[in-house]
Structures are given as C-alpha cells and as structure tokens.
Amino acid sequence: MASFSLALGTATKNRDGKIIEAFFPTPVLNPSDELVAAIAAVVNYKEGNQAIEVAPAQCAELAEAFKAAGDEQSAVFATKASQSTQPLVIVILATDEKPASVAEGFLKLQLISHRLVKPHGVVLDGIFGLLHNIAWTSHGPIDLPELAERQMEARLNGEVLTVDCVDKFPKMVDYVVPTSVRIADTSRVRLGAHVGEGTTVMHEGFINFNAGTTGVSMVEGRISAGVVVGNGSDIGGGASIMGTLSGGGKVVVSIGENSLLGANAGLGFPMGDRCTIESGLYVTAGSKVRMLDADGKEVEFVKARDLAGKPDLLFRRNSMTGQIECLTNKSAVELNSELHSNN
C-alpha cells in the first residue's frame, strides 16, 4: 500500500526527553512500497503514521535501503548520521492526516518549504496546538523552561547565547534554502513557507507558514498564513493579504498571475490574473464596489467577493467621493527579469 511521505532527520529534545523540533534535509514524497518495507524492517515499523527514534547503529542499514531505492541524497545523510551524537528520528506517514507528533508536524512544514507540496497540499490541522513556543537561539532550539539556565551556562563559559526569536515556528532558512530565491531578512520567512523559484522577498516582506509564491514574484508586503500568490505577481511595500488566521475565515485568499497589490494596499478576497489594486486601497470581501464600463459609466454595485477569481480588473478609490471603483485593467504587471534571476 502506497505511503505519503517519509524522512530521516535529527531531533532536539528537552530535559524531559520530549522532541521539540526535527530537521529533515532530504524528505521523500510518495516513497515506493519497496523502500517503506526495507525501512520498516530496520526500525520495526508496523503501520500508520509514526515517528520512530533511530539509533546510529541502524543508519548503515537505512543508508543501504535508500541507496537501493535510488535516493542518493538520503543515503549520504543516513551514512553521516551513523556518526552523529544527536537524537535521530525517522517519520513514516502512511496517510496525509492531522499531525500527531512534533516530528510529524516539522516534516510536513519542510515538505512545503522544499517545494515538494504547495500550500494547502498537506493536512496541518491542529499544528498550533501540537507545537509550543521555543527559544530559537545561536545555540540551537531551547525549550523555554530551560532557557535561563542555558544563558547562565553560556555566560560562565565566556559565551553569549543570542535569542533570535521566541515562536512556535523557526525561520525557514535554518532548515531549507530553496534554489533561486533572494530573502533580504531571513527572519521574516517562517518554516512552512513556499517560496517559488525566482521570488525575491525584500526586507519588509513576510511569508507565513502554509503560504507563499508559486513562481517569480516580488514580495515587499505581507503574505499571511494560507495565502498563495501566483507567478509574476507583485506584493507592494507595506501591502497586506488577509489570511485564514487573521479574519479571512475558511475562504482561501489568493492572488492570480501577473497581478499587483499596490504599496500599503490590502486584499481580503481571491483576486484573479492580471488584476491591480491601487496603492493605499484595502478591499475586503464585503467591500461595496462600483462597476464601471469602458466609458467610465456606472454599471452596477457588487460586493468584492462577487469578483473573486475574475481576471483583468483594476480596483481604485475615487479621490472625490471615496467610493471603490472597478474597471478593466489595461496594463498587466511585468516584473524585471534581472531582479529575479537569483542565480
């Protein structure tokens, strides 16, 4: 029976022996039955979704199993893991279900950031309750009840332990650096973000987990959890896209291809291809929009949600009346190819 995913990785435990995070450099999506069977024989895996701690002595056999399946990267990592002093864990996901352990949750986040699946491509229900706040530091992840002691130990050894953030989610680049991307401030892209090839994230840009870009994009604003931005689209400086965690409800807010969300603008409904929202204009799903024809004459009033997914629209605010207006967008967005080669 086909499995959904598996991966071998290192883990960090707290003083109680609980895994608080896990790093999977070479996750496998849809592994073959033969690979699952070979690994199961080594780690005594039976069925279902499991996170199994692995001894370094088992890694040589795991390396052979990966090598026989043609997965050279995983084979190399397993060989190196045989010499590791860090806790090791292998996660086998028979099905894509709600994660039941921290290691399962971290694997799913890394599947997205490795671009093996797109946002909404894995079940992440309950992950907020599963994970807990951790101090992400220059000495690695530290459980918060242990932080003060570790800081004192570092100082007594003449070292400084720097705390980068306290959060459930670490920054993506500590786990995955996708090819052909540019990220000016790495702390603003969380693990579980999907950063498409050719995307540039500027200093004030932000991408949450289970969200991101599918291709070449310029991100100078905020891409909230659950939001997907299509190829060729531009998120202007200070712009905001309403996510499923910030008032968007169950509706997946998205932006199509070659669209523009102007500086300090906002979006609260799914926008189609080749659309533009002018700078400073926030359009929520319930916003009343005055539709104009090619001659600038009023056709009707609609709610923005009624325009979800429709292409070639320009949203602007009438500077005299303050009314949101919509008309045909006559100029598609073209991003500078030199800025997005990211070689």
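Residues numbered from 1 in each chain as written. Predicted model: local features only at pLDDT ≥ 70, side-chain atom pairs only at ≥ 80, totals over all residues. Heavy atoms only, no water.

Caption draft 1: Broad picture of the overall build of the chain. The helix and strand inventory of the chain stands at six helices and 27 strands. Along the first, second and third principal axes, the C-alpha set of the chain runs to 75 × 55 × 40 Å. Put simply, the chain has 343 residues, and 50% of those count as buried. Long-range pairs, those at least 24 residues apart, make up 49% of the contacts in the chain with a sequence separation of at least 6. For the chain, the exposed surface amounts to about 15800 Å²; the carbon and sulfur share of it is 49%. Averaging the positions of the 29 positive and the 39 negative side-chain charges in the chain gives two centres separated by 6 Å. (Helix = DSSP H or I, 4+ residues; strand = E, 2+ residues; numbered from the N terminus. Buried < 20%, exposed > 50% of the residue type's maximum accessible area, 1.4 Å probe, protein only. Contact = heavy atoms within 4.5 Å. Areas by Shrake-Rupley, 256 points an atom, 1.4 Å probe, with all protein chains shown as cover. Lys, Arg positive; Asp, Glu negative; His and termini not counted. Charge placed at Lys NZ, Arg CZ, Asp CG, Glu CD.)

Caption draft 2: Geometry of unusual backbone geometry. One non-glycine residue, N264, lies in positive phi territory at about 60 degrees. Following the sequence through the fold, N264 ends up in the loop between β20 (260–261) and β21 (266–268). Here R274, not a glycine, exhibits a phi torsion of approximately 55 degrees, which is positive. The residue R274 is located in the loop between β21 and β22 (276–277) in this model.

Caption draft 3: Spatial organisation of the pattern of salt bridges. The final tally for this structure, using the stated rule, is eight salt bridges. One salt bridge connects K108 with D96, and the closest N-O pair in it is separated by 2.5 Å. Pair noted here: K108 is in helix α4 (residues 102–113) and D96 is in the loop between β5 (88–93) and α4, with a separation of 12 residues, a long-range link. We classify K108 as buried; its relative accessible area is 1%. A cluster of three or more residues bridged by salt bridges with shared partners is formed by R290, E298, R316 and E325. (Salt bridge = Lys/Arg side-chain N within 4 Å of Asp/Glu carboxyl O.)

Caption draft 4: Up close: the UniProt feature "binding site: succinyl-CoA" (unreviewed entry) in the chain. Here, the residues flagged by UniProt with the feature "binding site: succinyl-CoA" (unreviewed entry) are R222, G237, S240, A263, E278, S279, G286, K303, R316, R317, N318 and S319. Spatial dispersion of the annotated residues is evident: they stretch over 98 residues in sequence, and the largest pairwise C-alpha distance comes to 25.8 Å. Its location among the elements puts G237 in the loop between β17 (234–235) and β18 (240–241). Here G237 falls in the partly exposed class, since its relative accessible area comes to 29%. The residues contacting G237, other than those within four sequence positions of it, are E220, A263 and N264. Its location among the elements puts A263 in the loop between β20 and β21. Residues contacting A263, with those up to four places away along its chain left out, are G236, G237, S279 and G280. (UniProt positions renumbered as here; feature names shortened; annotations may be inferred.)

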